[in-house]
2 protein chains.
Amino acid sequence: MKRVCVYSGFLLATSTEVFAAGSGGHADPVAPILLALIVILAVAKLSSEIFERLGQPAVLGELLGGVLLGNLILLNPEWNFFEPLRAAVLQENWAVVIDSMARIGVLILLFEVGLESTVQGMMKVGASSLFVAVLGIIAPFALGYGVSWLFIKELPAELAAIVPAGFIVNYVHLFIGAVLCATSVGITARVFKDLGKLQTKEAQIILGAAVIDDVLGLIILAVVSGIITAAELGQPMEVGAVLRLIGISVLFLGGALVLGVYLVPKIMKQLSKLRTAGVMLISALLFAFALSYLANAAGLAAIVGAFAAGLLLEEVHFHGFREEITIEKLLKPLATFFVPIFFVLMGIQVRLETFGDLSVLGVAAGLTVAAIIGKQVCGWGVLEKGLDRLTVGVGMIPRGEVGLIFAGIGKSLKVIDDATFSAVVIMVIVTTLLTPPVLKLTLARAENLRKS
Amino acid sequence: MKRVCVYSGFLLATSTEVFAAGSGGHADPVAPILLALIVILAVAKLSSEIFERLGQPAVLGELLGGVLLGNLILLNPEWNFFEPLRAAVLQENWAVVIDSMARIGVLILLFEVGLESTVQGMMKVGASSLFVAVLGIIAPFALGYGVSWLFIKELPAELAAIVPAGFIVNYVHLFIGAVLCATSVGITARVFKDLGKLQTKEAQIILGAAVIDDVLGLIILAVVSGIITAAELGQPMEVGAVLRLIGISVLFLGGALVLGVYLVPKIMKQLSKLRTAGVMLISALLFAFALSYLANAAGLAAIVGAFAAGLLLEEVHFHGFREEITIEKLLKPLATFFVPIFFVLMGIQVRLETFGDLSVLGVAAGLTVAAIIGKQVCGWGVLEKGLDRLTVGVGMIPRGEVGLIFAGIGKSLKVIDDATFSAVVIMVIVTTLLTPPVLKLTLARAENLRKS
C-alpha cells in the first residue's frame with residue numbers, strides 16, 4: 001500500500017514545499033516553470049526584435065537578453081521582487097526543467113539544420129569539411145597549449161594535493177588545448193539560418209566541419225581525460241581504451257549514415273501507413289531523439305545525433321504521410337518555442353562580475369585570442385575555389401555549450417581551478433557573442449566581392 | 001570567484017552523478033529525458049493507433065498505454081534492462097521534467113479547446129452550464145459524504161494522534177465529499193476533439209460547466225481545507241478568510257473575461273507590429289501561460305486560466321500578423337508533442353496492484369458509483385430542448401488530474417490515509433477510463449435518436 005502513487009506523492013511534496021506560503025486552493029507545481037518560460041520567451045522576443053531592427057542576427061539579441069536577465073535580475077539578490085523567478089530558473093529542482101527544454105531546443109535546431117542539408121550535399125563538400133575540421137583542431141590545440149604554458153606555471157592547489165610525483169603541469173596545458181578544440185555549431189547554424197544563407201557552400205562546409213570537429217574534439221577530450229585520470233591514479237593510460245573509444249565514435253557516425261540511407265526510406269514508408277493524428281511530426285521527432293540518444297551513448301555529443309537524423313531525413317520521405325504539410329513547417333512551431341530557451345539560458349549563465357578580476361582576464365584574453373586565431377587557419381582547408389575563406393574561419397569560432405561542457409569536465413577532474421574555469425567561460429562568451437555580428441560582416445563583404 | 005557559473009556547475013554535478021558509469025566523452029544530462037520522451041511518445045502513438053483502428057478515442061489508447069508502461073516496465077523492479085528508463089520517469093530529479101512537460105501539455109490542450117470556443121458561444125449556453133455545474137457539485141458532494149459515512153467509521157490513526165478532542169470523523173466525510181466535486185475537463189474535451197464534436201451545444205455546456213465546476217470545486221476544497229486546518233489547530237475557521245477566497249476567484253474569472261474582451265484586441269494589434277520570426281505563436285503562448293499563472297496565483301487551477309485565454313483569443317485577433325497561417329495550425333505541432341505526455345503520464349500513475357486489496361476496493365467501488373451517479377444529475381440542469389442530457393451527464397464524469405490533486409492535498413492534511421487515498425485514485429482511474437468509450441456510445445445514440 002505504501003508504494004501507491006509514489007510519483008504523485010513526490011509532486012505534491014515539491015509543490016507543498018515551494019508554495020508553502022501560497023494560496024488557499026491547490027497550487028500547481030508547473031507555476032514556477034510557467035513564470036520562467038514567460039520571462040525567457042518575452043525577453044527572447046523583445047531583444048531579438050531590437051536586434052533585427054538594428055540589422056543584427058536575432059540570436060545575438062537572445063544571447064544578450066539572457067546576459068541582461070541573468071545579471072540584472074536573477075543574480076541580484078537585493079531585488080526581492082524577482083525571488084520566485086530566480087527560484088524557477090536557478091534552483092536545482094526547477095532549473096533542470098528549463099535546462100532540459102533548452103537542451104531539447106538545441107537538438108531541434110540541429111535537426112532542422114540537418115533537414116536543410118542532404119547527405120549528398122555534405123559529401124560534395126566533404127573533403128573541404130574534413131580539412132577544415134582537422135586544421136580547426138590542430139591549430140587551437142597547439143595555441144591553447146601555448147597560452148596555458150605562458151600563463152599557468154604550477155598545478156592547481158587542489159590537484160597538487162592528490163596526484164603522485166609524476167604528474168606535471170603539462171597535463172594542464174594538454175587539457176586546455178583540448179578545451180579550445182570544440183566548435184559550437186549551434187550559434188553558427190542559427191546565424192546562417194537567420195540570414196537565409198544555410199544553402200551556401202560556406203555554410204555546408206562549416207556545418208560538416210563542426211560535426212567532424214565535435215567528433216574529433218570529443219575523442220581528444222576523452223583521450224586527454226583518460227591520460228589525466230590515469231596519471232592522477234599513478235597508472236599508465238591503456239592504449240586499448242583509447243582505440244576502443246575512437247572506434248565507437250567512427251562506427252556510430254559511419255554506421256548511422258550508411259544504415260540510415262538504406263533503412264530510413266523503408267521505416268518512413270511503414271510509419272506513413274499509421275492513421276493517428278500527428279504521426280508525421282512524432283515519427284520525425286522520435287528519429288531525431290533516438291539518434292541523439294545513441295550519439296550520447298556512443299560518447300559523442302547528442303547534437304551530432306540530431307544533425308545526423310536531419311541529414312538522413314529528406315522531404316521525400318514524408319510524401320506518403322496523410323498530413324498535407326512539409327516537415328519543416330511542422331517543426332517550426334516547436335523550434336519557435338524551444339530554441340530561444342537555449343540561447344537565453346546561454347546568456348543567463350554569463351556572470352559579468354568575472355570580467356572584473358584582472359588575473360582571470362589575462363588568461364581569458366590569451367585563450368580568446370588563441371581560440372579566434374586558431375580557427376582562422378580553417379580557411380586554408382577549403383578546397384573549392386571562389387569561396388570565402390574568411391567566412392569559414394569566422395564561422396568556426398564559437399565554442400558555445402561544447403566549450404562549457406569541456407571546461408566543466410576539467411573542473412571535475414581538478415585539472416582546471418576556479419580561476420582558469422572563469423577564464424574559459426569568458427573565452428566561450430566572447431567567441432560566442434562575437435561570431436554573429438562578425439559573420440554577418442564577412443558574409444556581406446563576400447557578397448560585395450562577388451558582385452564587383 | 002566561487003559564484004562563477006553556479007548553474008553550469010549544478011548541471012555538471014547532476015550529469016556526473018547520473019552518468020557515473022557512463023561513456024568516455026561528455027554525457028549530456030538531457031539523455032534520460034530523451035529516453036523517457038522516446039518511450040512515452042512511441043507508446044502514445046502506437047496505442048492510440050490501435051484504439052483508433054478499434055473505433056475508440058485515441059486518448060483512451062494513450063491512457064491505457066501509460067497504464068501498461070507504468071505497471072509492466074517502470075514499476076517491475078526485476079526488469080533491470082529498463083532501469084535507465086525507470087530513473088528517467090520516476091526519479092525525482094528527472095521526473096519533474098517530464099511531469100512539467102505533461103502539465104504544459106494539458107495547458108496547451110485547454111488553450112486549444114478555448115480557442116475553438118468563443119465568449120459569445122459560452123454566454124449562449126451560460127445558464128445551462130451554471131445549472132449543470134451547480135448540480136454537479138451538490139449531488140457528488142452529498143453522495144461522497146454518504147459513502148465516506150458508510151465506510152469510514154474512525155479517524156485515520158495519524159490524524160487522531162494530533163488533533164484536539166473536538167475533531168470528529170465528519171470532517172473526513174466533508175473532505176471526501178469535496179474530492180468528488182472535481183471535474184477534469186481535459187479528458188472530455190479531448191474526446192469531443194477526437195470525435196470532431198467540440199462545436200456541439202452539449203460540448204459547449206460541458207466545457208462551461210467544467211470550468212465553473214473547477215472554480216466552485218476549488219472554493220469548496222479551499223473552505224473545507226481551511227475548516228480542517230483550523231480544527232486540527234483547535235481554532236475556529238475565520239469567515240473573513242473564506243469570503244476573501246471566494247471573492248478572489250470570482251474577481252479573477254470575471255475580471256479576466258471583462259478586461260480581456262476589451263484589452264486583447266489592442267494588445268494583439270501592438271504585438272502584430274513586431275517583425276521577429278515566430279512572434280504570433282509566442283504572443284499566443286505567453287498570453288495562455290500568463291493567464292494560467294495568474295489563475296494559479298488566484299488559487300484556481302492553472303487550466304482554468306489556459307481555457308480563459310483561449311476563450312478570449314479569436315482567429316480575428318491574429319489577422320494583423322505577418323505569418324500567413326492560423327493560430328490553430330501553429331499550436332498543433334506543440335499539442336502533438338506535449339499533450340500525449342500528459343495522458344500517458346496519467347496512465348503511468350495508475351498502480352494495478354491496488355486493485356488487489358479488498359477493503360480498498362470496497363471504498364473505491366462506493367466512491368466510483370457516487371462519482372458516476374452524482375454527475376448524472378447534471379443532465380437536469382440543461383435548459384435547452386432537444387439536447388442529449390445523458391451525454392452531458394457522462395461528459396462530467398471524469399475526475400482526472402483535478403481529483404488526484406484534491407486527494408493529494410487531503411493526504412498532506414492527514415485527513416485521508418493511504419487506504420482511502422488508494423480508493424480515491426482507483427475512482428479517478430475508473431471514471432477517467434470509463435468516460436471516453438461511454439461518451440462515444442451516448443454521442444452515437446443521440447445522433448441515431450435525432451435521425452429517427
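Procedures and definitions
Residues numbered from 1 in each chain as written. Chains lettered and ligands numbered in written order. Predicted model: local features only at pLDDT ≥ 70, side-chain atom pairs only at ≥ 80, totals over all residues. Heavy atoms only, no water. Helix = DSSP H or I, 4+ residues; strand = E, 2+ residues; numbered from the N terminus. Buried < 20%, exposed > 50% of the residue type's maximum accessible area, 1.4 Å probe, protein only. Contact = heavy atoms within 4.5 Å. Expected span 1.5 Å × (residues − 1). Phe/Tyr/Trp six-rings, centres within 6.5 Å; stacked < 30°, edge-to-face > 60°. Core = buried A, V, L, I, M, F, W, Y, C linked by side-chain atoms within 4.5 Å. Axes fitted to C-alpha atoms, helices over the stretch in contact; angles between N-to-C directions. Parallel < 35°, antiparallel > 145°, perpendicular 65-115°, else oblique. Left-handed = near helix turned anticlockwise from the far one by under 90°. Nonpolar A, V, L, I, M, F, W, Y, C, P; charged D, E, K, R; others polar. Polar contact = N/O pair within 3.5 Å; in protein donor to acceptor, adjacent residues only side chain to side chain. Salt bridge = Lys/Arg side-chain N within 4 Å of Asp/Glu carboxyl O.

Mind showing me how you'd approach the overall build of chain A here?
Counting its secondary structure elements, chain A contains 19 helices and zero strands. Of all 452 residues assigned to chain A, the portion counted as buried reaches 61%. Looking at chain A alone, contacts between residues at least 24 apart form 80% of all its contacts between residues at least 6 apart.

Any chance you could explain helix H3 (residues 58-74) of chain A here in plain terms?
Along an α-helix, a turn takes 3.6 residues, which lines up residues three or four apart on a common side. Over its 17 residues, H3(A) extends 22 Å from the first C-alpha to the last, a length consistent with the 24 Å expected when each residue adds 1.5 Å. With 14 of 17 residues buried, H3(A) is to be regarded as a mostly interior element.

Please clarify how the packing of aromatic side chains should be interpreted in this entry.
Given two aromatic rings, their pairing is described by the distance between the two centres and the angle made by the two planes. On inspection of all chains with the given rule, the structure shows nine aromatic pairs over all chains. For the ring pair Phe338(A) and Phe337(B), a centre distance of 5.7 Å and an interplane angle of 90° mean the geometry is edge-to-face. Taken together, the residues Phe338(A) in helix H15 (residues 327-348) and Phe337(B) in helix H15 (residues 327-348) connect one chain to another. With a relative accessible area of 0%, Phe338(A) lands in the buried category. Grouped by ring-pair contacts, the aromatic residues Phe289(A), Phe337(A), Phe338(A), Phe289(B), Phe337(B) and Phe338(B) constitute a single cluster.

Quick question: what am I supposed to make of the environment of Glu202(B) here?
All names here are of chain B. Inspection of the secondary structure puts Glu202 in helix H11 (residues 201-232). For the pair Glu202 and Gly395, spaced 193 residues apart in sequence, the C-alpha separation works out to 8.8 Å. Non-local contacts of Glu202, meaning those with residues more than four positions away in its chain, are made with Leu387, Asp388, Thr391, Val392 and Arg450.

What's the story with helix H7 (residues 126-151) of chain B in this structure? I'm lost.
All names here are of chain B. Between its first and last C-alpha, H7 extends 37 Å over 26 residues, near the 38 Å set by a 1.5 Å rise per residue. Turning to H7, its buried residues are Ser128, Ser129, Val132, Ala133, Gly136, Ile137, Ala139, Pro140, Gly144, Val147 and Ser148. As for H7, its buried residues are in contact with helix H9 (170-179), H11, helix H16 (358-376) and helix H17 (389-395).

Quick question: what am I supposed to make of the nonpolar core here?
Most often, soluble globular proteins have nonpolar side chains that are buried together. Residues Phe175(A), Phe337(A), Phe338(A), Phe175(B) and Phe337(B) are the most contacted members of the largest nonpolar core, which totals 307 residues. When sequence neighbours within four positions are dropped, the list of residues in contact with Phe175(B) reads Leu221(B), Val224(B), Ser225(B), Ile228(B), Phe406(B), Ile409(B), Gly410(B), Leu413(B), Val415(B) and Ile416(B).

How should I be thinking about the packing of H3(A) against helix H19 (residues 418-451) of chain A in this particular structure?
A packed helix pair is summarised by two numbers, namely the angle formed by the two axes and the spacing between the axes. Residue and element names in this part refer to chain A. At a closest axis distance of 9 Å, the pairing of H3 and H19 adopts a crossing angle of 150°. Comparing their axes, H19 and H3 come out roughly antiparallel. Note that H3 runs across H19; the crossing there is left-handed. Touching Val59, Leu60, Leu63 and Leu64 of H3 are Thr432, Leu433, Pro436 and Pro437, all from H19. For the contact of H3 with H19, a count of residues per class yields seven nonpolar, one polar and no charged.

When you look at the side chain of Thr183(A) in this model, what are you seeing that I'm missing?
Residue and element names in this part refer to chain A. Mapped onto the fold, Thr183 is located in the loop between helix H9 (170-179) and helix H10 (185-194). Polar contacts involving the side chain of Thr183 include one to the side chain of Asp213, which spans 2.2 Å. A polar contact of 2.9 Å, which involves the side chain of Thr183, links it to the side chain of Lys375. In this structure Thr183 touches Ala210, Asp213, Lys375, Met396, Pro398 and Val402, once residues within four positions along its chain are discounted.

Quick question: what am I supposed to make of the side chain of Lys197(B) here?
Residues and elements named next belong to chain B. Mapped onto the fold, Lys197 is located in the loop between helix H10 (185-194) and H11. A distance of 2.3 Å separates the side chain of Lys197 from the side chain of Glu447, its partner in a polar contact. In contact with Lys197, not counting residues within four places along its chain, are Phe192, Ala203, Leu443 and Glu447.

Is there a simple way to think about the environment of Cys378(B) in this case?
All names here are of chain B. When you line up the elements, Cys378 lands in the loop between H16 and H17. With 16 residues separating them in the primary sequence, Cys378 and Val394 have C-alpha atoms 8.9 Å apart. Ignoring anything within four residues of it in the chain, the contact list for Cys378 reads Val132, Leu135, Gly136, Gly393 and Met396.

Could you clarify how one ought to interpret the pattern of salt bridges in this entry?
If charged atoms from side chains of opposite charge come close, those side chains can pair. Tallying each qualifying case throughout the model produces 15 salt bridges over all chains. A salt bridge links Asp99(B) to Arg103(B); the nearest nitrogen and oxygen atoms lie 2.8 Å apart. Of the two residues, Asp99(B) and Arg103(B) both sit in helix H5 (residues 92-116), four residues apart, roughly one turn of that helix. Looking at Arg103(B), the relative accessible area reads 15%, which means it is buried. A salt bridge links Lys197(B) to Glu447(B); the shortest N-O distance between them is 2.3 Å. Remark: Glu447(B) occurs in helix H19 (residues 418-451) and Lys197(B) occurs in the loop between H10 and H11; sequence separation between them is 250 residues. Salt bridges linked by common partners bring Glu62(A), Arg190(A) and Asp194(A) together as one network.

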